[in-house]
Amino acid sequence: MHKKKIASVTLLAMAALLTACGQNKGASSSKQVMKTAVTGEISSLDSSKYGDTISSETLQNSMEGLYRFDKKGQARLAGAVKVTKSKDQKVYTFTLRKNAKWSNGDPVTAQDYVTAWRRTVDPKNDSLDSDSYQVIKNGTDIVAGKKKVSSLGIKALGKYKLQVTLENPIQYLPDLLTGAQFYPQDTKIVKKYGSSYGTSSSKLVYNGPFTVSQWTGSNLKWTLKKNKTYWNAKSVSLSAVKVQVIKTTSTGLNLYKGGQLDYAPVDSDYVKQYEKNADYHTKTTPTNGYMVFNLKRKTTGNVHVRRAISLGVNKQELVKTVLHSGKAAQGFVASDFIYDENGKDYRTSAGKLMTYNLKQAQKEWALAKKQLGKSKITIELLTSDMDASKRVGEYLQSNLMENLPGLTVKLRSIPLKSRLADTSKHNFDMVYGTWQPSFQDPIDYLTIGGLFNLESDYKNSTFWKEINQAKSTYATQPAKRQASLIAAEKQLIQKDAFAAPLYQAGVSYLLKSKVTGFRLSPYGTVAYYWDVKIK
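1. Examining helix H12 (residues 358–372)
When the terminal C-alpha atoms of H12 are compared, their 21 Å separation across 15 residues agrees well with the 21 Å that a helix rising 1.5 Å per residue should span. For H12, every residue scored as buried is listed here: Ala361, Glu364, Trp365, Ala368 and Leu372. Axial view of H12: buried residues confined to an arc of 105°, hence all on one face. For H12, the exposed residues lying more than 90 degrees away from the buried face are Lys359 and Lys370. Among the structural elements, helix H9 (303–311), strand E14 (377–384) and strand E15 (407–414) are those in contact with the buried residues of H12.

2. Things to note about the side chain of Asn138
With respect to the secondary-structure elements, Asn138 resides in the loop between helix H3 (110–121) and helix H4 (139–143). For Asn138, a relative accessible area of 11% gives the class buried. Non-local contacts of Asn138, meaning those with residues more than four positions away in its chain, are made with Lys147, Ser151 and Glu167.

3. A short note on the sheet that holds strand E6 (residues 154–158)
Taken together, the 4 strands give an open sheet; going across it, the order is E4-E5-E7-E6, and neighbouring strands pair in antiparallel fashion. The open sheet is flanked by strand E4 (80–85) and E6, the only strands paired with a single partner. Averaged over all adjacent pairs, the angle separating strand axes in this sheet is 25°, with direction ignored. With 5 bridges joining them, strand E5 (residues 91–96) and strand E7 (residues 161–165) adopt antiparallel strand pairing. When the sheet's bridge partners are listed, Tyr92 is paired in E7 with Val164. This element, H3, spans E5, E6 and E7 of the sheet and lies at about 165° to E6.

4. What about the pattern of salt bridges?
Working definition: two side chains of opposite charge can pair if their charged atoms are close together. Counted under the stated rule, the structure contains 18 salt bridges. Among the ionic pairs, Asp441 bridges to Arg481, the shortest N-O distance being 2.9 Å. Note that Asp441 is positioned in the loop between strand E16 (430–435) and helix H15 (442–447) and Arg481 in helix H18 (residues 478–495), a separation of 40 residues in sequence. As far as burial versus exposure is concerned, Asp441 and Arg481 are alike and both buried. A salt bridge links Asp531 to Arg519; the nearest nitrogen and oxygen atoms lie 3.0 Å apart.

5. A closer look at the packing of helix H10 (residues 315–323) against helix H13 (residues 387–403)
For the pair H10 and H13, interaxial distance at closest approach is 11 Å and the crossing angle is 135°. Looking at the two axes, H10 sits oblique to H13. Between H10 and H13 the crossing geometry is right-handed. Touching Glu317, Leu318, Thr321, Val322 and Leu323 of H10 are Arg391, Val392, Tyr395 and Asn399, all from H13. Partitioning the contact of H10 with H13 into residue classes produces 5 nonpolar, 2 polar and 2 charged.

6. With respect to the packing of aromatic side chains
Following the criterion strictly, the structure yields 18 aromatic pairs and no others. Aromatic pair Trp117 and Tyr133: ring centres 5.7 Å apart, planes at 80°, arrangement edge-to-face. A residue pair is termed long-range when its members are at least 10 positions apart, and Trp117 in helix H3 and Tyr133 in the loop between H3 and H4 qualify at 16 residues. Both residues of the pair, Trp117 and Tyr133, count as buried.

7. Focus: the environment of Leu176
Residue placement: Leu176 occurs in helix H5 (residues 173–176). Classification of Leu176 by relative accessible area gives buried; the value is 0%. For the pair Leu176 and Asp441, spaced 265 residues apart in sequence, the C-alpha separation works out to 9.8 Å.

Calculation notes
- Residues numbered from 1 in each chain as written.
- Predicted model: local features only at pLDDT ≥ 70, side-chain atom pairs only at ≥ 80, totals over all residues.
- Heavy atoms only, no water.
- Helix = DSSP H or I, 4+ residues; strand = E, 2+ residues; numbered from the N terminus.
- Expected span 1.5 Å × (residues − 1).
- Buried < 20%, exposed > 50% of the residue type's maximum accessible area, 1.4 Å probe, protein only.
- Arc of directions from axis to C-beta.
- Contact = heavy atoms within 4.5 Å.
- Pairing = 2+ DSSP bridges.
- Axes fitted to C-alpha atoms, helices over the stretch in contact; angles between N-to-C directions.
- Salt bridge = Lys/Arg side-chain N within 4 Å of Asp/Glu carboxyl O.
- Parallel < 35°, antiparallel > 145°, perpendicular 65-115°, else oblique.
- Left-handed = near helix turned anticlockwise from the far one by under 90°.
- Nonpolar A, V, L, I, M, F, W, Y, C, P; charged D, E, K, R; others polar.
- Phe/Tyr/Trp six-rings, centres within 6.5 Å; stacked < 30°, edge-to-face > 60°.

So, in structure tokens, the structure goes:
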């Protein structure tokens with residue numbers, strides 16, 4: 001009986017130990033869950049169709065392309081393990097990672113890149129990021145419907161060998177290819193779901209650090225779960241990221257204070273309230289806040305209207321009284337971001353374009369009213385319904401109506417998904433938005449840059465000549481190339497006022513001290529979670 005009693009005690013102790021181990025494992029797993037907020041909804045998880053920051057952030061955490069940014073913000077090979085270039089620097093051959101898999105177990109192949117890239121340039125898909133493919137051979141002509149999709153400069157040379165051909169040599173290709181618009185798509189899954197691919201989290205598969213679940217296509221909560229099939233899964237500490245859309249800053253901050261969020265964006269009037277908090281972080285980014293005008297409408301098609309509005313916004317006051325972070329724009333290309341071979345900031349070389357000048361704005365406004373034959377003019381400003389966007393919209397409305405006599409600005413604030421759609425369909429007078437670059441080169445700002453309908457609507461021959469020279473003739477001549485880009489920016493922004501630069505965005509947020517390894521993308525507000533660990 002004594003031996004049986006000892007044995008029983010031993011078994012009970014072992015059972016208790018096993019139970020404790022199980023509980024510890026569960027506790028450890030639950031500890032590695034981050035709760036975070038975003039300011040807008042996902043528009044699409046189809047990397048050929050998305051057009052907003054939140055969708056981009058979700059894709060960048062759940063997908064992986066040929067390159068990925070490292071901890072220092074440098075583009076490093078990720079989905080590829082090797083790359084070679086031709087002598088003329090136009091043809092890149094990538095050897096893909098053979099241990100890369102989709103979350104359904106399928107291998108990530110060269111054909112998956114071909115499938116994705118062709119879908120993005122196909123005019124039928126009306127991609128908001130197709131402009132990014134101007135650098136790829138035949139990209140521009142395909143988007144314009146002048147060449148077949150199959151002629152795009154991408155070819156599968158084998159299961160794990162991919163060839164990319166450029167229109168002209170470029171130095172920023174690695175940075176460019178980190179973008180979500182260049183991610184692969186599982187060819188089998190694309191064929192399975194067709195036009196509904198990426199319309200919910202269950203209608204695609206993932207090859208990045210996390211998978212996405214619980215996004216139905218319109219709901220305001222979803223989860224990033226650690227992707228067990230990711231080739232570098234061992235480096236990912238978080239088991240999940242719980243994401244919810246919080247459109248009002250006050251709501252997010254209340255949830256943060258109540259322990260229901262580990263990360264919360266801070267904007268507008270709340271910056272001053274929290275800037276001395278130990279959890280507060282801020283930095284200026286190369287992200288643009290701007291307005292674009294509809295050239296197809298009579299009023300905003302008038303260049304003097306556009307110049308008056310571009311010059312008539314008190315940008316310093318906007319930053320100081322509404323945003324409380326970032327800085328007033330000096331042009332469309334961000335400052336302190338792009339430098340020439342001598343280390344000089346592009347913005348310094350290009351100068352200040354369309355900064356606040358009330359006297360000149362009112363001269364342009366008088367010319368506009370005379371040409372239009374009106375003493376009173378009404379213009380609608382379209383914004384998203386996010387709290388921060390509406391605040392900026394309200395300031396622009398008030399400031400412009402005060403500065404330009406006879407102007408009435410009407411606001412229309414709608415969900416971001418609808419705002420993007422209306423902008424593409426020319427259903428607006430002028431639209432306010434923000435845009436973060438994809439690579440460190442002025443060409444990104446001047447040909448993509450959130451400049452809706454640029455290709456279709458803006459026909460200035462001087463601008464396009466300078467852009468084409470920068471892309472081709474001067475591709476390997478940095479000084480001449482920059483001179484062309486500066487001339488193009490002056491034509492687009494200063495002379496024709498196609499768009500009105502407002503500010504260079506700052507990003508501010510609260511982050512719990514227990515969260516380590518959290519960082520933002522080098523280009524803006526996209527949050528990276530794959531290096532995060534909860535202490």
